[in-house]
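Okay, here's what each chain looks like letter by letter:
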Amino acid sequence: MAVNENLKRLVDLSAPLWAGEAEVVWSYFQSPQRGKESDLRWLARQCYKELWGSGVGDRKKGLFLGPVEYLRKAWPRIDRGVGRHEVLEVIDGLRAEFYHYCLFADIHDYLTGGRLDPRALKSWPSDDKLARMRYEYRDKRGRLGYFAVRFTEGGYCSMYSTGMRLKGSGELNNRIARACEGVYTDEVGHMRDGFVGLAREDLKPKEWDEIGKMTRKIGRAHV
């Protein structure tokens with residue numbers, strides 16, 4: 001019961017930040033300054049995040065090349081030191097992230113009439129800051145940093161649940177809503193599984209407090 005109460009406090013701590021992200025996203029979609037160029041900008045940035053992970057995936061190879069490299073090395077060791085289900089989990093994760101990339105890249109192509117080149121995607125200062133923070137917590141805070149990073153991944157799907165509200169307001173918005181629904185369907189289950197897994201961890205009150213501090217800092221950077 002105590003662990004569940006600790007998790008509840010962590011959720012309560014993060015909830016205003018998740019709500020803030022949703023408000024930011026909705027304000028953008030309703031802004032009179034929104035246009036084709038600004039949409040292309042955020043779509044390209046979202047595609048970058050789906051491939052590189054903003055501090056969640058492999059530091060140098062990201063969410064695409066990282067798993068690909070793992071699978072290449074794992075192949076000769078499957079059921080000879082590497083479990084088949086471990087490999088399957090990596091394959092499923094790779095497939096999901098690249099599917100999310102395709103959803104937003106397809107909208108980018110719809111707007112430009114061309115093809116988005118994933119190798120040409122670039123990061124930006126605020127995302128670099130978020131990634132550095134997550135990597136630092138992962139490197140220096142051990143499993144507590146890992147828990148904080150995983151807990152904040154996706155921002156409780158705030159962006160995607162908000163994007164789904166665009167349905168029925170024009171062709172472009174319908175495409176965005178469908179893409180957000182696709183990501184939300186994948187991520188909300190993983191998010192809940194992560195919450196349940198964290199609730200089962202045998203953590204001390206000070207450790208929960210430390211996770212809470214990291215979570216709040218990451219959440220602010222995420223917004």
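Remember, it's a predicted structure, so these values are computed and weren't measured experimentally.

Colleague: Summarise the state of the cysteines; cite the residues concerned and give the values.
Modeller: Evaluation of the coordinates by the stated rule reveals zero disulfides. You can see Cys47 has no disulfide; the closest cysteine sulfur is in Cys102, sitting 8.8 Å from it. For the unlinked cysteine Cys157, the closest cysteine sulfur is that of Cys180, found at 10 Å.

Colleague: Can you lay out the packing of aromatic side chains for me, pointing to particular residues and giving the numbers?
Modeller: Throughout the structure, instances matching the rule amount to 13 aromatic pairs. Here the aromatic rings of Trp18 and Tyr156 are separated by 4.2 Å at their centres, their planes lie at 10°, and the arrangement is stacked. Here Trp18, found in helix H1 (residues 2–30), pairs with Tyr156, found in the loop between helix H6 (142–152) and helix H7 (158–163); they are 138 residues apart in sequence, far enough to count as distant. Accessibility expressed as a relative area gives 39% for Tyr156, which makes it partly exposed. A centroid spacing of 6.1 Å and a plane angle of 15° characterise the contact between Tyr156 and Phe195, whose relative ring orientation is stacked. In this pair, Tyr156 is assigned in the loop between H6 and H7 and Phe195 in helix H8 (residues 171–199), connecting sequence segments 39 residues apart.

Colleague: Any chance you could break down the nonpolar core for me, citing the residues and the numbers?
Modeller: Core analysis: the biggest nonpolar cluster contains 50 residues, and Leu7, Phe104, Leu121, Ile176 and Leu198 have the highest contact counts within it. Listing elements by their share of this core, those giving two or more residues are H1, helix H2 (36–52), helix H4 (84–112), helix H5 (125–140), H6, H7, H8 and helix H9 (205–222). Ranked by residue count, the leading element in this core is H8, at eleven residues. For Leu7, the residues in contact, after removing those within four places along its chain, are Phe151, Phe195, Leu198, Ala199 and Trp208.

Colleague: Describe unusual backbone geometry, and please don't skip the residues or the numbers.
Modeller: The phi dihedral of Tyr156 is positive, around 60°, even though this residue is not glycine. Backbone geometry places Cys157, a non-glycine residue, at a positive phi of 60°. Considering the arrangement of structural elements, one finds Cys157 in the loop between H6 and H7.

Colleague: Would you mind going over H5 in detail, with residue names and values included?
Modeller: For H5, which comprises 16 residues, the first-to-last C-alpha distance of 22 Å matches the rise-based estimate of 22 Å (1.5 Å per residue) to within 8%. All of the buried residues along H5 are Asp127, Leu130, Ala131, Met133, Arg134, Tyr135 and Tyr137. Residues of H5 that are buried sit in contact with H2, H6 and H9. One or two residues past the end of H5 sits Gly142, with phi positive at roughly 60°.

Colleague: Account for the side chain of Glu207, with residues named and values stated.
Modeller: Relative to the elements of secondary structure, Glu207 occurs in helix H9. A polar contact of 2.8 Å, which involves the side chain of Glu207, links it to the backbone nitrogen of Lys204. With residues up to four places along the chain from it excluded, the contact list for Glu207 reads Arg143, Leu144 and Asp202.

Here is what the cut-offs are and how they apply
- Residues numbered from 1 in each chain as written.
- Predicted model: local features only at pLDDT ≥ 70, side-chain atom pairs only at ≥ 80, totals over all residues.
- Heavy atoms only, no water.
- Disulfide = S-S within 2.5 Å.
- Phe/Tyr/Trp six-rings, centres within 6.5 Å; stacked < 30°, edge-to-face > 60°.
- Helix = DSSP H or I, 4+ residues; strand = E, 2+ residues; numbered from the N terminus.
- Buried < 20%, exposed > 50% of the residue type's maximum accessible area, 1.4 Å probe, protein only.
- Core = buried A, V, L, I, M, F, W, Y, C linked by side-chain atoms within 4.5 Å.
- Contact = heavy atoms within 4.5 Å.
- Expected span 1.5 Å × (residues − 1).
- Polar contact = N/O pair within 3.5 Å; in protein donor to acceptor, adjacent residues only side chain to side chain.

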